[in-house]
Amino acid sequence: MGWTFYNSSGQRLTSQAATSGKVLQVLSAEFSGTQTITTDDDVFTDITSLSVDITPSATNSKILVLVCIGKSDSNSDANTAQFIVLRDSTRIATGDAAGSRIRASWTQGVSGQSNGGGNTHFSTLDSPSTTSAVTYKAAASCHSNDVYINRWRTDSDDGDGPSARTSSSITVMEIGA
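Just so you know, these numbers come straight off a predicted model, no measurement behind them.

Participant: Break down the overall build of the protein chain for me, with residues and values.
Facilitator: The helix and strand tally for the protein chain stands at one helix and eleven strands. Beginning at the N terminus, the succession of helices and strands in the protein chain can be written as α-β-β-β-β-β-β-β-β-β-β-β. In the protein chain, buried positions account for 37% of the 177 residues. Of the contacts made within the protein chain by residues no fewer than 6 positions apart, 80% connect residues no fewer than 24 positions apart. Only carbon and sulfur atoms are counted for the fraction: they give 45% of the accessible area of the protein chain, which is about 9300 Å².

Put into structure tokens, the structure is as follows:
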């Protein structure tokens, strides 16, 4: 038995119109281990296990990408972490090219000798224009000092709040066009 959909005026909708704007599928990956990012500036390292494959059902579908990364970095006001999201090997949602500036999806810095910890979040709506499988993943680099994924910089086993371990995730949702 099939469904028939109508708009607010009582007009029958086509099957495409009935799914427009609807979430068609959701896939997610989580990383609860730890990783140290040592690559500098415009050399990015994939974040372990933050990768998910999705096969869009239509070429005009959009993919909503949600990333949450638990991170901390050194106690230095010169350090920043740069993050990118890739569709296969293509960086998406990055800043415009300008001179030798790094093109990143988002950055997070440390301010005034603070501890630089906490979760960082990012989202973007991508148009892959394909019905073939695509892979979305997150990668990071650092400036000046290492960045630690899902752990505190000292990783002390002391039961203190700053030493808490976290997890990171990437979620992709296909949105009907």
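Participant: Before we move on, can you summarise the pattern of salt bridges with the specific residues and values?
Facilitator: Summed over the entire model, instances satisfying the criterion amount to two salt bridges. Between D126 and R87 there is a salt bridge, with its nearest N and O atoms 2.6 Å apart. One end of the pair, D126, is in strand β8 (residues 118-126); the other, R87, is in strand β5 (residues 80-87), with 39 residues separating them in the sequence. The buried category is assigned to D126, whose relative accessible area is 8%.

Participant: With reference to specific residues and values, describe the environment of S144.
Facilitator: Secondary-structure assignment places S144 in the loop between β9 (134-143) and β10 (147-149). Taking the C-alpha atoms as reference points, S144 and T38, 106 residues apart in sequence, are found 9.3 Å from one another.

Participant: Give a detailed account of the pairing of β9, specifying residues and quantitative values.
Facilitator: Walk down a regular strand and you will see the side chains alternate between the two sheet faces. Summarising burial for β9: seven of the ten residues are buried, a large majority. Here six bridges tie strand β3 (residues 45-54) to β9, and the two strands are oriented antiparallel to one another. Paired with S51 across the bridge in β9 is K137. Here β5 runs beside β9; their pairing, made up of eight bridges, is antiparallel. Bridging from a neighbouring strand, I84 pairs with A139 of β9.

Participant: Which residues make up unusual backbone geometry, and what values go with them?
Facilitator: Although it is not a glycine, S49 adopts a positive phi angle of roughly 65 degrees. Along the chain, the position of S49 falls in strand β3. Even without a glycine there, the phi angle at S129 is positive, about 55 degrees. Since its relative accessible area comes to 52%, S129 is described here as exposed.

What counts and how
- Position labels on residues start from 1 in each chain and follow its written sequence.
- Only residues with pLDDT of at least 70 are given local features in this predicted model, and only at 80 or more are side-chain atom pairs given and counted; all residues enter the totals for whole chains, interfaces and linings.
- The side-chain numbers reported here are obtained from all heavy atoms of the structure, hydrogens and water having been left aside.
- Labels follow the DSSP assignment, with helices taken as runs of H or I lasting at least four residues and strands as runs of E lasting at least two, numbered in each case from the N terminus.
- When a residue's accessible area, from a 1.4 Å probe over protein chains only, is under 20% of the maximum for its type it is buried; when over 50% it is exposed; and in between it is partly exposed.
- Contact definition: two residues touch when any of their heavy atoms are within 4.5 Å.
- Residue burial considers only the protein chains on display, and all accessible areas are found by Shrake-Rupley using a 1.4 Å probe.
- By convention in these notes, a salt bridge is any Lys or Arg side-chain nitrogen within 4 Å of a carboxyl oxygen on Asp or Glu.
- Any two strands are treated as partners once DSSP identifies two or more bridges connecting them.

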